[in-house]
Amino acid sequence: MAPVDQLKDAKVIFVLGGPGSGKGTQCERIVAKYGLAHLSSGDLLRAEVASGSERGNRLKAIMESGELVSLDIVLELIRDAMLARGAAGAKGFLIDGYPRELEQGVRFESELVPCKAVLFFDVSEEAMQQRLLKRGETSGRVDDNEATIRKRFQTFQQLTKPVIEHYKGQGKVIQVDASGSVDEVFGQVQKQLDALKL
């Protein structure tokens, strides 16, 4: 995939945290306040699955088993969504739940655009599990069950922690204690994003 000229000046913030860390909720608030386009790799994948396409059916089987979808497919989905939102006037992007593993981040930055910061929502596994099981009562999501949640935690620990360490080494990680209320967490987020002068 060749670098995409239309995206070269885009401001990108990666949003990371374990499943149930509150990334989606906080992203909604960030979008409302800062006007960035919110792209969730999970939402893009679920939309593809819901479309019933051949690719969507393959993705459904992978997601139901708790495995990760290939780098190429996720990068294509994000690139296409960024181009569409950019064409609609978005100047910046919150990319939620991405990169899940180091190679995703490296490829994103070499093939699309370097990220400006990594917003990391840090919270205990116990708290995340309680939140996910509660969400599972109403979400209808195939991955909000105890067995899959445990597998998602393992995947996060093995693959995503090294991503956070990599970006810490570049001074790009904004670590937020996500154990408080939605308002408390957003208060921390605002201070950090205001300092970035988006």
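Rules used throughout
- Residues numbered from 1 in each chain as written.
- Predicted model: local features only at pLDDT ≥ 70, side-chain atom pairs only at ≥ 80, totals over all residues.
- Heavy atoms only, no water.
- UniProt positions renumbered as here; feature names shortened; annotations may be inferred.
- Helix = DSSP H or I, 4+ residues; strand = E, 2+ residues; numbered from the N terminus.
- Rg over C-alpha atoms; globule rule 2.2 N^0.38 Å.
- Buried < 20%, exposed > 50% of the residue type's maximum accessible area, 1.4 Å probe, protein only.
- Contact = heavy atoms within 4.5 Å.
- Areas by Shrake-Rupley, 256 points an atom, 1.4 Å probe, with all protein chains shown as cover.
- Lys, Arg positive; Asp, Glu negative; His and termini not counted.
- Charge placed at Lys NZ, Arg CZ, Asp CG, Glu CD.
- 1 Å grid on protein atoms, 1.4 Å probe; cavity = no way out; pocket = protein on both sides within 12 Å on 5 of 7 lines; lining within 4 Å.
- Points joined across faces, edges and corners; volume = space filled by probe spheres on them.
- Nonpolar A, V, L, I, M, F, W, Y, C, P; charged D, E, K, R; others polar.
- Phe/Tyr/Trp six-rings, centres within 6.5 Å; stacked < 30°, edge-to-face > 60°.
- Lys NZ or Arg CZ within 6 Å of the ring centre and 35° of its normal.
- Disulfide = S-S within 2.5 Å.
- Pairing = 2+ DSSP bridges.

As recorded by an unreviewed UniProt entry, the protein chain carries the name adenylate kinase and is attributed to Macrostomum lignano. In its Subunit (unreviewed entry) section, the UniProt entry covering the protein chain states "Monomer." What the UniProt record of the protein chain gives under Sequence similarities (unreviewed entry) is the line "Belongs to the adenylate kinase family."

A.B. asks: Lay out the overall build of the protein chain in plain terms, naming residues and giving numbers.
C.D. replies: The helix and strand tally for the protein chain stands at 8 helices and 5 strands. Order of helices (α) and strands (β) in the protein chain, N terminus to C terminus: β-α-β-α-α-α-β-α-β-α-α-β-α. Scaling as 2.2 N^0.38, a compact globule of 198 residues should have a C-alpha radius of gyration of about 16 Å, and the protein chain matches this with 16 Å. Across its three principal directions, the C-alpha atoms of the protein chain cover 40 × 40 × 30 Å. Here the protein chain holds 198 residues, and the buried ones make up 43% of them. Residue pairs at least 24 apart in sequence account for 77% of intrachain contacts in the protein chain once pairs closer than 6 positions are excluded. Entry remark: accessible area of the protein chain is about 9900 Å², with carbon and sulfur atoms responsible for 48%. With 27 positive and 28 negative side-chain charges, the protein chain shows a spacing of 4 Å between the two charge centroids.

A.B. asks: Which residues make up the layout of surface pockets, and what are the values?
C.D. replies: Here the largest pocket defines a volume of roughly 990 Å³. Looking at the largest pocket, it is lined by 44 residues, and the ones nearest its centre are P19, K23, R135, R141 and R152. Those elements that provide at least two residues to the lining of the largest pocket are β1 (11-17), α1 (23-34), β2 (37-40), α2 (41-50), α6 (125-139), α7 (146-169) and α8 (182-196). Broken down by class, the residue content of the lining of the largest pocket amounts to 13 nonpolar, 19 polar and 12 charged.

A.B. asks: Describe the packing of aromatic side chains, naming the residues involved and giving the relevant values.
C.D. replies: Counting across every chain of the model gives 4 aromatic pairs. On the basis of an interplanar angle of 65° and a centroid distance of 6.0 Å, the ring pair of F14 and Y98 is categorised as edge-to-face. Of the two residues, F14 is situated in strand β1 and Y98 in the loop between β3 (92-96) and α5 (102-111); the sequence distance between them amounts to 84 residues. Its guanidinium or amino end placed over the ring of Y34, K33 lies 5.6 Å from that ring's centre, counting from NZ or CZ.

A.B. asks: Tell me what's going on with the state of the cysteines, and back it up with residues and numbers.
C.D. replies: Counted according to the given criterion, the structure contains 0 disulfides. Cysteine C27 remains unbridged, with the sulfur of C115 as its closest cysteine sulfur at 14 Å.

A.B. asks: Tell me what's going on with the pairing of strand β4 (residues 117-122), and back it up with residues and numbers.
C.D. replies: Where burial is concerned, most of β4 is hidden: 5 out of the 6 residues are buried. Where β1 meets β4, 5 bridges bridge the pair, whose relative direction is parallel. Across the sheet, I13 pairs through a bridge with A117, a residue of β4.

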